[in-house]
Amino acid sequence: MLRSKSATVASQALPAAAVHETAPTGSLPGRDAPTIPPDHVYVPHAPPVPPKQLVPPLNFGEGGRVVLDAGQRGIRSRTHLIIPDCQVHEGVPTEHLEWVGKYVASKRPDVIVCIGDFADMPSLSSYDKGKKAFEGRRYVNDIEAARSAMDRLTAEWRNIANYTPRMVLTLGNHEDRITRAVEDAAILEGAIGLHDLAYESFGWEVHPFLEVVNIDGISYSHYFTSGVMGRPVASAAALLRTRQCSAVMGHTQITDAAFHPRTQNIAIFAGTCYLHDEEYLGLQGNNQRRQIVMLYEVDNGHFDPLFISLAYLKRRFGS
Ligand SMILES: [Fe+2]
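Residues numbered from 1 in each chain as written. Predicted model: local features only at pLDDT ≥ 70, side-chain atom pairs only at ≥ 80, totals over all residues.

Chemist: What is the right way to look at the overall build of the protein chain in this model?
Modeler: When you go through the protein chain residue by residue, the secondary structure sums to five helices and 17 strands. Split into buried and exposed, the 319 residues of the protein chain put 30% on the buried side. (Helix = DSSP H or I, 4+ residues; strand = E, 2+ residues; numbered from the N terminus. Buried ≥ 20, exposed ≤ 12 C-beta atoms within 10 Å, placed from the backbone.)

Pasting the structure below:
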């Protein structure tokens, strides 16, 4: 960077080693010594300022205790953050994903679980195919909406120094529409696929639809089944009975929780994480909690759950 001497007052305060009035007189021809006119000074680029760490990463301190910015000692607990169904498609608001991203950046959970149905994929819906509401849907628009929203969600934390959470995404039935479309029409094989969503490129460890992922003694899946028909369990209490361990799922829109009185295991239906209403849910079906779920003090299947509404996130992080 070259600046005029007369216009660069700040450069006078730079250390002598950082300011070169002219190229070194003894430099050899052909070497990389900069050729600088005598009435200019060379000002090196300032090193980038690392982002402020609001909460220290888990590997700081001993025994979960860390020294905070003010010099006080604090407790760092192991945490999981769950992002329920977002059902992103063209035309729906996505500013809440920025609020969620800012919450992640401020709390730095050790594990982030996106519980599936992040992408809605309405162009591949068999539910309302041929109906008036289906008109105008395009696969490429669904993919573009999902990628853009995922970029908005992860942008807030993915470049924070020393923060590399485990990011787990359990695919939902809406993303599975892509797989089923190829199975139903082999001509599409190689033309479309789950890779179009590019979830891995945002840092997610992607798990197939209905695979159960166990992390720190807690089972995660888009939903858990019961009975031979493979239908989703109907309540958190049923989930607790079926799995016999702590478990978290999405899919159903409703929020539900069940606590086992002796084992202290907890089952959670995580609700939804979107602002729009879904037409297929009707006039009364959209009155559900919209939120994220944070699990504090995670230890071998036990944890302290916190349900954080999108309304709170808007007040805290919305512009
Ligand atoms: Fe679902």
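After that view, the rundown keeps rolling.
Chemist: Which parts of the structure should I look at to understand the environment of Ile83?
Modeler: The topology assignment puts Ile83 in strand β5 (residues 80-83). Those residues in contact with Ile83 that lie beyond four places of it in its chain are Val100, Ile112, Val113, Cys114, Ile115, Cys273 and Ile292. (Contact = placed C-beta atoms within 7 Å.)

Chemist: Explain the environment of Lys102 here, please?
Modeler: Inspection of the secondary structure assignment puts Lys102 in helix α1 (residues 95-107). C-alpha of Lys102 to C-alpha of Arg316: the two residues are 214 residues apart in sequence and 9.4 Å apart in space. Contact partners of Lys102, with chain neighbours within four places excluded, come to Glu156 and Phe317.

Chemist: How should I be thinking about unusual backbone geometry in this particular structure?
Modeler: With glycine set apart, most residues show a phi of negative sign, and most peptide bonds adopt trans. A positive phi is found at Met121, a non-glycine position, where the angle reads about 55°. On the basis of neighbour count, Met121 is assigned to the buried category, with 25 C-beta atoms found within 10 Å. Not every positive phi belongs to a glycine, and Asn162 is a case in point at roughly 65°. You can see Asn162 is positioned in the loop between α2 (139-154) and β7 (166-170).

Chemist: Is there a simple way to explain the nonpolar core in this structure?
Modeler: Proteins that are soluble and globular tend to have nonpolar side chains buried together. The biggest cluster of nonpolar side chains holds 58 residues, and the ones touching the most others in it are Ile82, Ile83, Val100 and Met249. No other element matches the six residues that α1 contributes to this core. The contact partners of Val100, leaving out residues within four places of it in the chain, are Ile83, Leu153, Cys273, Ile292 and Leu313. (Core = buried A, V, L, I, M, F, W, Y, C linked by C-beta atoms within 7 Å.)

Chemist: In this structure, what is going on with the packing of α1 against helix α5 (residues 310-317)? I would like to understand it.
Modeler: In helix packing, the relevant descriptors are the interaxial angle and the interaxial distance, both defined with respect to the helix axes. Here α1 crosses α5 at 75°, and the two axes come no closer than 9 Å. Judged on the interaxial angle alone, α5 and α1 are roughly perpendicular. Along the contact surface, α1 presents His96, Trp99, Val100, Lys102 and Tyr103, while α5 presents Leu310, Leu313, Lys314 and Phe317. Residue classes in the contact of α1 with α5 are distributed as six nonpolar, one polar and two charged. (Axes fitted to C-alpha atoms, helices over the stretch in contact; angles between N-to-C directions. Parallel < 35°, antiparallel > 145°, perpendicular 65-115°, else oblique. Nonpolar A, V, L, I, M, F, W, Y, C, P; charged D, E, K, R; others polar.)

Chemist: Help me understand the sheet that holds strand β9 (residues 213-215) in this model?
Modeler: Whenever strands of a sheet pair, they do so through backbone hydrogen bonds, lying parallel or antiparallel. Pairing is mixed across the open sheet formed by five strands, whose spatial order is β9-β10-β13-β15-β14. Of all strands in the sheet, those with a lone pairing partner are β9 and β14 (255-259), marking the two edges. On average, adjacent strands in this sheet sit at an angle of 15° to one another, irrespective of strand direction. Note that β14 and strand β15 (residues 266-270) share five bridges and pair antiparallel. Residue pairing for β15: Ala258 is matched across the bridge by Ala267. (Pairing = 2+ DSSP bridges.)

Chemist: Would you take a moment to explain the pairing of β7 for this structure?
Modeler: Where a strand is regular, its side chains alternate between the two sheet faces. Inspection of the sheet shows strand β6 (residues 111-114) paired to β7 by four bridges, in the parallel sense. When the bridges of β7 are listed, Cys114 appears paired with Leu169. As for the winding sense of the linkage, the β-α-β connection from β6 through α2 to β7 is right-handed. Sheet topology note: the β7/strand β8 (residues 205-207) ladder contains three bridges and is parallel. Counterpart to Thr170 in the pairing with β8 is His207. (Right-handed = clockwise from strand over helix to strand, strands pointing away.)

Chemist: What should I look at first to understand the packing of α1 against α2 in this one?
Modeler: Where α1 contacts α2, the two axes come as close as 7 Å, and the packing angle between them is 30°. Classified by the angle their axes make, α1 and α2 are roughly parallel. Handedness of the α1/α2 crossing: right-handed. Across from Leu97, Glu98, Val100 and Gly101 in α1, the residues of α2 making contact are Ala149, Arg152, Leu153 and Thr154. (Left-handed = near helix turned anticlockwise from the far one by under 90°.)

Chemist: Teacher, can you tell me more about the sheet that holds β7 here?
Modeler: On the basis of which strands lie adjacent, the open sheet formed by six strands has the order β8-β7-β6-β5-β16-β17 and mixed pairing. Of all the strands in the sheet, just β8 and β17 (302-309) have a single pairing partner and so form its edges. Averaged over all pairs of adjacent strands, the angle between strand axes in this sheet comes to 20°, irrespective of strand direction. Running at roughly 70° to β17, α5 makes contact with β16 (291-299) and β17 of the sheet.

Chemist: Is there a simple way to think about the confidence of the model for the protein chain in this case?
Modeler: Do not read the predicted coordinates in detail wherever pLDDT is low. Across the protein chain, the average pLDDT comes to 82, with 76% of residues at or above 70. For the stretch residues 1-30, pLDDT sits under 50, and the model shows 37 contacts to residues farther than four places along the chain or on other chains. (pLDDT = per-residue confidence, 0-100.)

Chemist: Teacher, can you tell me more about the pairing of β15 here?
Modeler: With respect to burial, β15 is a largely interior element, five of its five residues being buried. By the alternation rule, side chains of β15 split into Ile266, Ile268 and Ala270 and Ala267 and Phe269, which are all buried.

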